[in-house]
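Observations on chain architecture
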Amino acid sequence: MKWIFVPVVFAGLAGVAFANGKDFLEFRNSKGTVIFAHAKHEKLADNDCKVCHENQVGAIRSFGKAYAHRVCIGCHEPEAGKMEGPITCEGCHQSS
Ligand code: HEC
Ligand code: HEC
Ligand code: HEC
């Protein structure tokens, strides 16, 4: 029954396949749309889903401004010597 593990391994290597067929999630909100490269961020988090999915993968119940600014900006502003991401408003919120 070894074949049963194949999809799991594949998902681990290829990242999550989203319903929209892309590796990106788009959060439209009043400040400006945030384009989130999910697949890339899985790698940035060393495939540790718990960095963002505190309980289980999938929709994040508390997702919103407070959650995003804590978890996302928290990692973009790391200790010296680590990789950094955008911390300015415009770095994440794109005005359209
Ligand atoms: C850097 C943060 C981050 C990491 C790491 C991360 N995710 Fe996510 N993921 C999110 C966010 C944000 C959402 C959107 C949540 C929402 O809208 O409620 C999401 C959504 C999802 C969804 C639902 C997609 C959809 O179409 O709505 C799945 C499934 C998922 N993640 C799986 C995973 C798995 C599996 C891992 C680990 C390999 C992982 N995630 C790692 C941030 C992350
Ligand atoms: C594990 C740490 C970590 C977490 C958590 C994280 N990011 Fe990032 N993010 C990064 C790093 C590092 C970069 C820079 C990547 C690069 O320069 O290639 C980045 C880059 C970005 C970018 C710039 C475009 C891009 O894809 O390079 C956006 C937008 C972004 N992150 C949004 C988010 C959002 C929204 C969340 C929360 C849902 C989030 N990030 C959570 C580490 C993180
Ligand atoms: C690391 C990326 C990132 C940065 C930097 C960032 N935000 Fe956000 N922000 C988000 C995400 C993701 C959400 C949640 C979007 C959602 O729930 O649709 C959000 C939500 C918000 C909301 C709530 C919008 C709504 O309609 O509910 C406001 C207002 C906001 N941000 C303002 C700001 C301001 C002002 C700055 C600069 C001081 C900023 N953000 C910087 C990612 C970021």
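Further up the page is the structure itself.
Everything numeric here is computed off the predicted structure, so don't read it as measured data.

1. A look at the site of ligand 1
Lining the immediate environment of ligand 1, one finds 18 residues, of which His41, Ala45, Cys49, Cys52 and Val57 sit closest. At three residues, the largest contribution of residues to the shell around ligand 1 is made by helix α2 (residues 38–44). For the shell around ligand 1, the class distribution of residues is 12 nonpolar, five polar and one charged.

2. Some words on the site of ligand 2
Taken together, 19 residues lie near ligand 2, and Ala37, Cys72, Cys75, Met83 and Gly85 sit nearest. Ranked by the residues each element gives to the shell around ligand 2, the list is headed by helix α3 (residues 65–76), at five residues. Looking at the shell around ligand 2, its residues break down into 14 nonpolar, three polar and two charged.

3. What about the sheet that holds strand β1 (residues 24–27)?
Each strand in a sheet pairs with another by means of backbone hydrogen bonds, the pair being arranged parallel or else antiparallel. Read across the sheet, three strands follow the order β1-β2-β3 without closing on themselves; strand pairing throughout is antiparallel. Each edge of the open sheet carries a strand with a single partner, namely β1 and β3 (93–94). Note that β1 and strand β2 (residues 33–37) share four bridges and pair antiparallel. Considered in β2, the bridge of Phe27 is made with Val34.

Scoring rules and cut-offs
Residue positions are given per chain, counted from 1 along the sequence in the order it is written. Going through the entries in the order they are written, you letter the chains from A and number the ligands from 1. Reporting of local features is limited, given that this is a predicted model, to residues whose pLDDT is at least 70; pairs of side-chain atoms are given and counted only at 80 or more, and all residues count toward the totals for whole chains, interfaces and linings. In this entry, near means the residue's backbone-placed C-beta atom lies within 6 Å of the molecule or strand. Runs of H or I in DSSP of at least four residues are treated as helices and runs of E of at least two as strands, each being numbered from the N terminus. Gly counts as polar in this scheme, as do all residues outside two lists: the nonpolar Ala, Val, Leu, Ile, Met, Phe, Trp, Tyr, Cys and Pro, and the charged Asp, Glu, Lys and Arg. Strand pairing is assigned whenever DSSP detects at least two bridges linking the two strands.

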